[in-house]
Amino acid sequence: MVTGSASGIGEAVAARLASEGAMVHGLDRAGGTDVGDEAAVEAFFARLDRVDVLVNSAGVAVRKPVAEQDAAGWDEVMRVNVRGTYLCSRFAAPKMPQGGSVVNLASVVGVMGVRNRAAYSTTKGAIVALTRNMALDYAGVGIRVNCVCPGFTRTNLTKGLLSDKESERKLLALHPLGRLGEAADIANAIAFLASDEASWITGQAIAVDGGFTAGHAVDV
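An account of the accompanying structure is given in this report. As the structure is a prediction and not an experimental result, all values here were calculated from the model.

Right, let's talk about the overall build of the protein for a bit. Scanning the protein from terminus to terminus reveals 7 helices and 6 strands. Over its C-alpha trace the protein gives a radius of gyration of 17 Å, about what one expects of a compact globule, namely 17 Å for 220 residues. Viewed in the frame of its principal axes, the protein has a C-alpha envelope of about 55 × 40 × 30 Å. Among the 220 residues that make up the protein, the fraction classed as buried is 45%. Within the protein, contacts between residues separated by at least 24 positions form 72% of all contacts whose residues are at least 6 apart in sequence. Of the accessible surface of the protein, which amounts to about 11000 Å², a share of 54% is contributed by carbon and sulfur atoms.

See the structure below:
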């Protein structure tokens, strides 16, 4: 079960899991289901007999500091990113009687500060906290819960930043491995966390970020 499956990281995750032989169900606003709508999410999961893996990938981004962020925009980012992750997890967990894996999509900005992302960073930090709490709550029934924290990745959410060559150059310099992420990089990590090979990993926020959170490779 992959949310935000119509584009970007979610689309790459759905394709990667399908390539491993999984029967993938996608949930996306483009397909008519809003992850922030409780009734719609409940109805979607009611159609499923069992869920082995849930990937909460749906998300939106806003780039503004607090004083420039209107309340409506703040609430929308919270609704999709945090409420959506909560709702999908809420209705998926009862469908995992034999255990399973939940992988949430957080971000490097959820574990370290980046300017002009007050609402987005807040949601991603909340997802990291939610991941740890869910891991504790559901370990006893065999459900593992982890999250990945991507660095800057080439998707529609970063298209605006990358349209400016100077911004792209600055972003590249912040990633010690010398390139930005691709959706497939994140999908590979998620596929691992979803698999039995990660059967002793839970409650973790794993950076998939080209070294972004390791520090900045600039001589001082």
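On we go.
Met 1, Phe 45, Leu 54 and Val 102 are the most contacted members of the largest nonpolar core, which totals 22 residues. Elements with a contribution of two residues or more to this core: helix H2 (38–46), helix H3 (71–92), helix H4 (118–138) and strand E5 (143–150). Counting residues per element, this core draws most heavily on H3, at 5 residues. Aside from chain neighbours lying at most four places away, what touches Met 1 is His 25, Gly 26, Leu 27, Phe 44, Phe 45, Leu 48, Val 51, Val 53, Leu 54 and Val 55. By size, the runner-up hydrophobic cluster in this structure holds 21 residues, among which are Val 2, Ala 187, Leu 193 and Ala 198.

This part is about the pairing of strand E4 (residues 100–105). The buried fraction of E4 amounts to 6 of the 6 residues, a majority that puts the element mostly inside the structure. Where burial is concerned, the two faces of E4 agree: the one with Gly 100, Val 102 and Asn 104 and the one with Ser 101, Val 103 and Leu 105 are both buried. Taking the sense of rotation as the criterion, the β-α-β connection linking strand E3 (residues 53–56), H3 and E4 turns out right-handed. Where E4 meets E5, 6 bridges bridge the pair, whose relative direction is parallel. Its bridge partner being in E5, Ser 101 is matched across the sheet by Arg 144. The β-α-β motif built from E4, the intervening H4 and the parallel element E5 has right-handed crossover chirality.

With that out of the way, let us pick up the pattern of salt bridges. Under the defined criterion, the tally for this structure stands at 12 salt bridges. Note that Asp 52 is salt-bridged to Arg 50, the shortest N-O span being 2.9 Å. Exposure remark for Arg 50: the relative accessible area of 55% places this residue in the exposed category. Here the salt bridges do not stand alone but share partners, grouping Arg 29, Asp 34, Glu 76 and Arg 79 into one network.

Moving on to the packing of aromatic side chains. Given two aromatic rings, their pairing is described by the distance between the two centres and the angle made by the two planes. Scanning the model with the defined rule gives 2 aromatic pairs in all. Between the aromatic rings of Phe 44 and Phe 45, the centroid separation amounts to 5.9 Å while the plane-to-plane angle is 70 degrees, which identifies the pairing as edge-to-face. Accessibility classification places Phe 44 together with Phe 45 in one group, the buried group.

Of note, Lys 95 is situated in the loop between H3 and E4. Buried charge without a partner: Lys 95 forms no salt bridge, and the closest opposite charge is Asp 49, 5.9 Å away.

Analysis parameters
Residues numbered from 1 in each chain as written. Predicted model: local features only at pLDDT ≥ 70, side-chain atom pairs only at ≥ 80, totals over all residues. Heavy atoms only, no water. Helix = DSSP H or I, 4+ residues; strand = E, 2+ residues; numbered from the N terminus. Rg over C-alpha atoms; globule rule 2.2 N^0.38 Å. Buried < 20%, exposed > 50% of the residue type's maximum accessible area, 1.4 Å probe, protein only. Contact = heavy atoms within 4.5 Å. Areas by Shrake-Rupley, 256 points an atom, 1.4 Å probe, with all protein chains shown as cover. Core = buried A, V, L, I, M, F, W, Y, C linked by side-chain atoms within 4.5 Å. Right-handed = clockwise from strand over helix to strand, strands pointing away. Pairing = 2+ DSSP bridges. Salt bridge = Lys/Arg side-chain N within 4 Å of Asp/Glu carboxyl O. Phe/Tyr/Trp six-rings, centres within 6.5 Å; stacked < 30°, edge-to-face > 60°. Lys, Arg positive; Asp, Glu negative; His and termini not counted.

Note that all results are geometric; they support no functional claim without further evidence.
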